[in-house]
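In case you want the letters, here they are:
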Amino acid sequence: MKLLVVDDAKLIHFLVKKILTANEITDIEFQDAFDGVEAIAMAKEFEPDLVLLDVVMPNKDGIEALRGIKENNPNTSVIMVSSLGTEEKVAEAISLGATAFIQKPFDEDELCNHVKKMM
Amino acid sequence: MAIKFFGHYLLDNGILSNFELVEAVDYQTSKNLSLGELAVREQLITAKDADKINDKQRSLDKRFGEVAIELSLLTDPQIMDLLGLQKKEKVFFGEVLILKNFLTQEKLDEALAKFEEEQKLEVVKLDDKIEAIDKDGVIKDSIGILQKLYTRVVHDYIKLTNVNKVENNNGIIALQKMRGDIHLDFALQPDDAVSLAISSKFLKMDFDAIDEMVIDIIAEFVNVVLGNIAVKFSAESTKLNLTPPTIMDVDTFVYSDYYSFEFGTTQGSITLFLKL
């Protein structure tokens, strides 16, 4: 599976890889993006099966990035992973086609279960 | 358990579907009007005036009411009337779920009780001066959520020890801003020992010096705490956004601009700075 992780915090990229590897979810090709603009461009080029997408980011936020990704890659699944799970953001993300919204801080199991469902 | 709004909790527990969540939030948003929308509906200002206030509000980083008064488009009593009307007309999320037949009253009550139990925060006693300015409970809930998430991430004890008596140069300061219907500047300054404890628990690996990764983790910890505070205040159609967190220079950070709250932990101290 091709997985694009989008977050401005480097530690989240590190953490996602660490958690998935520790839980033996290993058949994954990773790519990283650190803001919304980069995410849209990277999704177009990399054509991921799944994107883990933060909301609060510089340049273009996660909601705008989701719009762009879904426009170019309608078959890509997107899971939002953010601390900003406000009513407005969750509803907007789901209506734009996000599969789920994981609220930070997340549990290992929560992340793994969502990723496994997409495999 | 992270802080979630009620609809997200229902979604995660399979009580609401994606479609029902979006439908309920959309309905609630269409009924719970912003101050500007209400002022237009009540024919106090035109839609063009509302746009002008909104534009200015964003560029000046002020509230809608403040800008409307400054531009002489609305008066103070009119703003108070609009706020009263907004409160009176407010539709709660649970009411929408019943109205749309997504849940029965019994199922709603049961889910709400479980949700409230999971989201409960420790009650903090603040001095009268701070209680007086904390009308919406932003300060109290910020403290409660910081304590809850610190305990959850670090698995450690944390207790409020000092209020407004803190100014030190020990530790990283990460600052983040909440904008929209609530304005809140939020900064945390953990001392080095607490920074290392947060980092070690966050990534489940040992850190023994403050490096780039530790700084990144503290910024992310601020983002997590403030995001959860935003969620707590996001119900009932409140619109909120966050700026990305930034690391501040401890020598130029203006401590006197903030209310400060120092917490003791078994590792060391962490200070919360709030500006409403």
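Residues numbered from 1 in each chain as written. Chains lettered and ligands numbered in written order. Predicted model: local features only at pLDDT ≥ 70, side-chain atom pairs only at ≥ 80, totals over all residues.

### Some points on the overall build of chain A
Helix and strand counts for chain A come out as 5 helices and 5 strands. Moving toward the C terminus, one meets the helices and strands of chain A in the order β-α-β-α-β-α-β-α-β-α. Here the C-alpha atoms of chain A give a radius of gyration of 13 Å, agreeing with the 14 Å that 2.2 N^0.38 yields for 119 residues. Principal-axis analysis of the C-alpha atoms gives chain A an extent of 30 × 30 × 25 Å. Out of the 119 residues in chain A, the part that is buried amounts to 49%. In chain A, 64% of the contacts between residues at least 6 apart in sequence involve partners at least 24 apart. (Helix = DSSP H or I, 4+ residues; strand = E, 2+ residues; numbered from the N terminus. Rg over C-alpha atoms; globule rule 2.2 N^0.38 Å. Buried ≥ 20, exposed ≤ 12 C-beta atoms within 10 Å, placed from the backbone. Contact = placed C-beta atoms within 7 Å.)

### Quick notes on the overall build of chain B
On a plain count of helices and strands, chain B comes out with 12 helices and 7 strands. Considering only C-alpha atoms, chain B reaches an extent of 60 × 50 × 35 Å along its principal axes. Burial statistics for chain B: of 276 residues in total, 36% are counted as buried. Long-range pairs, those at least 24 residues apart, make up 62% of the contacts in chain B with a sequence separation of at least 6.

### Notes on the domain arrangement of chain B
A common way to express how large an interface is: the accessible area buried when the components associate. As far as domains go, chain B holds domain 1 (6–119) and domain 2 (128–275). Relative to domain 2 of chain B, the C-alpha centre of domain 1 of chain B lies at a distance of 27 Å. (Domains from an automatic or database assignment.)

### Notes on helix H11 (residues 192–203) of chain B
Residues separated by three or four positions in an α-helix point in the same direction, a consequence of the helix having 3.6 residues per turn. Look at H11(B): 17 Å from first C-alpha to last across 12 residues, which is about the 16 Å you get at 1.5 Å a residue. Taken together, the buried positions of H11(B) are B:Val194, B:Ser195, B:Leu196, B:Ala197, B:Ile198, B:Ser199 and B:Phe202. Packed against the buried residues of H11(B) are helix H1 (10–22) of chain A together with helix H10 (138–154), strand E3 (184–190), helix H12 (212–232), strand E6 (259–265) and strand E7 (269–275) of chain B. Just past H11(B), the residue B:Lys204 takes up positive phi, approximately 50 degrees. (Expected span 1.5 Å × (residues − 1).)

### Regarding the environment of B:Asn223
By the element assignment, B:Asn223 lies in helix H12. On the basis of neighbour count, B:Asn223 is assigned to the buried category, with 28 C-beta atoms found within 10 Å. The spacing of B:Asn223 and B:Thr246 is 23 residues in sequence and 9.8 Å in space, taken between C-alpha atoms. Not counting chain neighbours up to four residues away, the residues in contact with B:Asn223 comprise A:Val56, A:Ser83, B:Gln176 and B:Pro245.

### Comments concerning the packing of H1(A) against H12(B)
Contact geometry of H1(A) with H12(B) gives a least axis separation of 8 Å together with a crossing angle of 95 degrees. It follows that H1(A) is roughly perpendicular to H12(B) by the angle criterion. Along the contact surface, H1(A) presents A:Lys10, A:Leu11 and A:Ile12, while H12(B) presents B:Met213, B:Asp216, B:Ile217 and B:Glu220. Classifying every residue of the contact of H1(A) with H12(B) gives 4 nonpolar, no polar and 3 charged. (Axes fitted to C-alpha atoms, helices over the stretch in contact; angles between N-to-C directions. Parallel < 35°, antiparallel > 145°, perpendicular 65-115°, else oblique. Nonpolar A, V, L, I, M, F, W, Y, C, P; charged D, E, K, R; others polar.)

### What about the interface of chain A and chain B?
Every contact between the two is made by 25 residues of chain A and, on the other side, 31 residues of chain B. Counting only elements with at least two residues in the side of chain A that touches chain B, the list comes to H1, helix H4 (87–95) and strand E5 (100–103) of chain A. Looking at which element gives the most residues to the side of chain A that touches chain B, the answer is H4(A), with 6 residues.

### Looking at the environment of B:Asn32
With respect to the secondary-structure elements, B:Asn32 resides in the loop between helix H2 (18–31) and helix H3 (35–41). Between the C-alpha atom of B:Asn32 and that of B:Phe92, which follows or precedes it by 60 residues, the distance is 8.9 Å.

### So, unusual backbone geometry
Geometrically, the link from A:Lys104 to A:Pro105 is a cis peptide bond, its omega value of -5 degrees lying close to zero. Structurally, A:Pro105 is set in the loop between E5 and helix H5 (108–118). One non-glycine residue, B:Ser72, adopts positive backbone phi at about 55 degrees. Turning to its location among the elements, B:Ser72 is positioned in the loop between helix H5 (64–70) and helix H6 (76–89). What makes B:Ser72 exposed here is the crowd of 7 C-beta atoms within 10 Å. One non-glycine residue, B:His155, adopts positive backbone phi at about 55 degrees. Mapped onto the elements, B:His155 comes out in the loop between H10 and strand E1 (158–163).

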